[in-house]
Amino acid sequence: MDYLKAKTILSGYKENKEWFGINYNMNIYKGCSHGCIYCDSRSECYRVDDFDVVRGKENALAIIDRELRSKRVKGVVGTGAMSDPYNPMESIYELTRGALKGIQRYGYGIHISTKSPLVVRDIDLLSAIAKKAPVLVMMTITSADDVLCRKVEPYVSPSSERFKAIKQLSDAGIPTGVLMMPILPYIEDSPENIKEIVIHAHANGAKVIYPAFGVTLRDRQRQWFYDHLDNHFPGLKEKYQRQFGEAYSCQSPNAKQLWQMFEALCKELGIVYKMEEIIKSYRAPFDEVQLSFF
Ligand code: SF4
């Protein structure tokens, strides 16, 4: 694996109420080899060329240790926004695991977004962190069907493996949920798909699900997506072009109906699905006691 120079790894300092209440953002890798056809991190604004090549940040663990030690305000560190922290390189280099050790040592919480069951390797550390600070692992699942999953997220474990990982995490007492986004219009936006994801998530112990019934598309990310539509879903690119033009936000035409069905099912199963309540569900016990202590 190649390494890039980095001066800092953690960014942010204020609770992000729109994204799981995280206080800090951590990107320990640059690039991702999971190959998702809709990946937003390919957008030009992030300026990551050769996105499929995973690179580590030089001295990442020493930098993170210094940053965690010196922050005046403890809080929840979020990871998984720009690159999957459990990409295949992680099984060899263990940078995410090393960062979790620091997070535990200095009393921070952790919010993880991933598509990889490799996260279960770190149950020991997540359990240790959860004794003193908030922990939430969100497994991204956009299709309940492994065959469809292979087409849209080709180089990471299929959804069935991710559901198993959710079970292992929740059996170990780790607060776990599903990030059900994006739901690709005309590909994944059927009531059956949404219903199956929610039911499987619940059956495997997920306590929260956060959805988006649509996808955002821009510049080279859109091009990458359209190239893959041509390969796997002939004729769909033209349908997207007619329906969405150059719009950034491409909402499913079924969004309203899907949301109503999703909401009713979550209420029936006792799943938390609104951001404010998700944040409360995993942060509140610590916000009131532990974090005020710091
Ligand atoms: S796992 Fe996330 S970062 Fe990696 S390719 Fe897929 S969407 Fe992009």
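For the structure itself, consult the block above.
Draft legend 1. Quick look at the overall build of the protein. Of the regular secondary structure elements, the protein holds twelve helices and twelve strands. Relative to a compact globule of 294 residues, whose C-alpha radius of gyration would be 19 Å, the protein shows 19 Å and is just as compact. The C-alpha extent of the protein, read off along each of the three principal axes, is 55 × 45 × 30 Å. At a minimum sequence separation of 6, the contacts of the protein that also span at least 24 residues come to 82%.

Draft legend 2. Summary view of the pairing of strand S6 (residues 76-79). Neither face of S6 is left uncovered, since the one carrying Val 76 and Gly 78 and the one carrying Val 77 and Thr 79 both have all their residues buried. Inspection of the sheet shows strand S3 (residues 24-26) paired to S6 by three bridges, in the parallel sense. Across the sheet, Tyr 24 pairs through a bridge with Val 77, a residue of S6. Pairing analysis gives four bridges linking S6 to strand S7 (residues 109-114), with the strands arranged parallel. Counted as the bridge partner of Val 77 is Ile 110 from S7.

Draft legend 3. Main features of helix H6 (residues 159-171). Between the first and last C-alpha of H6 there are 18 Å, a value that for 13 residues agrees with the 18 Å anticipated at 1.5 Å per step. Contacts from the buried residues of H6 go to helix H4 (123-130), strand S8 (135-140), helix H5 (146-152), strand S9 (176-180) and helix H7 (191-203). Remark: Gly 173 follows H6 within two positions and exhibits a positive phi of approximately 85°.

Draft legend 4. Focus on the packing of helix H8 (residues 219-232) against helix H9 (residues 236-244). Relative to each other, H8 and H9 sit at 135°, their axes nearing to 8 Å. Our classification of the angle between H8 and H9 gives oblique. Every residue of H9 that contacts H8 at Tyr 226, Leu 229 and Asp 230 is listed here: Leu 236, Lys 237 and Tyr 240. The residue makeup of the contact of H8 with H9, split by class, is four nonpolar, no polar and two charged.

Draft legend 5. Fine view of the environment of Ala 165. By the element assignment, Ala 165 lies in helix H6. Its 23 C-beta neighbours within 10 Å are what place Ala 165 among the buried residues. Separated by 48 residues in the primary sequence, Ala 165 and Pro 117 place their C-alpha atoms 5.2 Å from one another. Look past the residues within four positions of Ala 165 in its chain and what remains in contact with it is Pro 117, Val 119, Val 120 and Met 139.

Draft legend 6. Summary view of the sheet that holds strand S5 (residues 55-57). Strand order in the open sheet made by the three strands is S1-S5-S4, with mixed pairing throughout. Taken across any chain shown, the strands that pair with only one partner, and hence form the sheet edges, are strand S1 (2-4) and strand S4 (29-30). Both S4 and S5 contribute to a ladder of two bridges, which runs antiparallel. Paired with Lys 30 across the bridge in S5 is Arg 55.

Cut-offs used in this document
Residues numbered from 1 in each chain as written. Predicted model: local features only at pLDDT ≥ 70, side-chain atom pairs only at ≥ 80, totals over all residues. Helix = DSSP H or I, 4+ residues; strand = E, 2+ residues; numbered from the N terminus. Rg over C-alpha atoms; globule rule 2.2 N^0.38 Å. Contact = placed C-beta atoms within 7 Å. Buried ≥ 20, exposed ≤ 12 C-beta atoms within 10 Å, placed from the backbone. Pairing = 2+ DSSP bridges. Expected span 1.5 Å × (residues − 1). Axes fitted to C-alpha atoms, helices over the stretch in contact; angles between N-to-C directions. Parallel < 35°, antiparallel > 145°, perpendicular 65-115°, else oblique. Nonpolar A, V, L, I, M, F, W, Y, C, P; charged D, E, K, R; others polar.

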